[in-house]
Amino acid sequence: MSSEHADRADAPPLTETIAPGTATDPDVKSAEEATVTVDGQDVVVPEGSTIIEAIEAAETAGEVPALCYYDRDSPEAEKIGPRSECRTCMVETDEHGMVPSCSFPAEDGLTISTDDEAATEARDVNLDLVLSDHNLRCTTCGKNGRCELQDASIENGVVEPRYGVFDDREAYEPLDDSSDFIQIDRNKCILCNRCVEACNDVQVEGVLRMEGQGADTRIGFQNGSETMEDSTCVSCGHCVTVCPTGSLVEQGITDAATIPLPGFSQKNSIGKSLESTGKEEKGPMTRMKRDEPKDLTSEARTEENPGDWL
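Bear in mind that the values here come from a model prediction, so they are computed numbers and not experimental data.

Calculation criteria
Residues numbered from 1 in each chain as written. Predicted model: local features only at pLDDT ≥ 70, side-chain atom pairs only at ≥ 80, totals over all residues. Heavy atoms only, no water. Salt bridge = Lys/Arg side-chain N within 4 Å of Asp/Glu carboxyl O. Helix = DSSP H or I, 4+ residues; strand = E, 2+ residues; numbered from the N terminus. Buried < 20%, exposed > 50% of the residue type's maximum accessible area, 1.4 Å probe, protein only. Pairing = 2+ DSSP bridges. Axes fitted to C-alpha atoms, helices over the stretch in contact; angles between N-to-C directions. Contact = heavy atoms within 4.5 Å. Core = buried A, V, L, I, M, F, W, Y, C linked by side-chain atoms within 4.5 Å.

A. Spotlight on the pattern of salt bridges. The full count for this structure, using the stated rule, is 9 salt bridges. Taking the shortest distance from any N to any O, the salt bridge between aspartate 128 and arginine 162 comes out at 2.7 Å. Residue aspartate 128 is located in helix α2 (residues 117-132), and its partner arginine 162 is located in the loop between α3 (148-155) and β6 (175-177); the two are separated by 34 residues in the primary sequence. What makes aspartate 128 buried here is its relative accessible area of 6%.

Written as C-alpha cells, this is what we have:
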C-alpha cells in the first residue's frame, strides 16, 4: 500500500473509520451468460454483464450516454459504480419497460430498444437536467475538450438546454484552490460519486464523501474540513482521473484548455476562491495503491518497471 512508500512519511494521517463509497450501489450483474437483442441485433454477453455492456457489444447506431458509469476494463474499475444517478442511459425493454442500462442486468432473452421514442426523450430530458445544474463556462475549464458531459452534449446535439444552465455567479460555490495538487470546482460536479468510490473503495484513503441533501448535496470531506488543504488527502490523484467533468482538475493544467487571452481563466470565471493558507507542506503526489503492492524501492523502479499506477 502507498502508506509503505517513503514519500508518504509526511502525509497526514488517514481517517480512522472511513465510509465506503459503494454503500448504496445496486447489485446489477447478470448471473449467467446471456443472449440479448439490441435494436434487432442478437448479442451474447458473459456472466456479470449489464445492458450497457450489451449495447456496447452490439455497436448500434443509437447513442446512449452514461455519465455516472465508469467504463474501464480493469479490476479497480469494478469497484467504481454503477450508481445509476444521472439516468442519461435509459433504454426500453420489452420485458421490464424503461430501465437504466448501466445498472440493469443483461438477462437472457431480453429485448432492448435504444431508439425507442420515450427512452430517447428520457435520456434527453435527464441530460438537460444535468446541464441545468452545471457551470457551462467551458472555455475557462481545464477539462475543455476532454469532458464527458461536453462530449455527451455534442453527440446528442444539445444546442440550448431546455431548463437553462447554471449561470448565476452569485450562487456559485467558491473554487477550492487550497491544495497544491488538486483544484475542486463543485459548480461543475454532477454527483456521479466516481471520486468518492475511487478514494474509499480503490485507494482506501477515506477522504471524500457525499454530504448534504437535495439541492445542497455536494462532495465533502470525511474529516469535516471545508477545504482540500485541511482534509486528509494524500494527493494520490485518483479522484481526478475518474472525474468526468472539470470538477476535479490537477493543479498546473487548470487553465490548459482555456482561451489564451489575458485575464481569461478558470478562477475568475467563478469569481470566488478558497486559497491555500500555506500552513502545511504535504510533499509530492503519492503513488496510487494496489491490492497487492509492488516493490517500490529505488532499485526496482527502472525504466522498464517505474512502479504501478492505476
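Don't stop here, the text continues.
B. Representation of the sheet that holds strand β3 (residues 90-93) in the model. The strand order across the open sheet formed by 5 strands is β2-β1-β5-β3-β4, and the pairing between neighbours is mixed. Edge positions in the open sheet fall to β2 (41-45) and β4 (97-100), since each of these has one partner strand only. Ignoring strand direction, the axes of neighbouring strands in this sheet form an average angle of 35 degrees. Pairing of strand β1 (residues 34-38) with β2 involves 5 bridges; the strand directions are antiparallel. Its bridge partner lying in β2, threonine 37 is registered against aspartate 42. In this fold helix α1 (residues 51-58) packs onto β1, β2, β3, β4 and β5 (111-113), with an angle of close to 120 degrees to the strand it touches most, β2.

C. Local environment of the nonpolar core. Among the nonpolar cores identified, the biggest contains 21 residues, and Val36, Val38, Val45, Ile51, Ile55, Val91 and Ile112 are the most heavily contacted of them. Elements represented by at least two residues in this core include exactly β1, β2 and α1. The greatest single-element share of this core, amounting to 5 residues, is contributed by α1. Residues in contact with valine 91, not counting those within four places in the same chain, are Ile51, Ile55, Val64, Gly97, Met98, Val99, Ser101, Ile112, Ser113, Thr114, Ala119 and Arg123. In this structure, Phe181, Ile184, Leu208 and Cys233 belong to the second largest nonpolar core, which totals 17 residues.

D. The side chain of threonine 254, seen in detail. As for its position among the elements, threonine 254 is in the loop between β10 (248-250) and α6 (266-270). Non-local contacts of threonine 254, meaning those with residues more than four positions away in its chain, are made with Thr140, Cys141, Gly142, Gln183, Val249 and Gln266.

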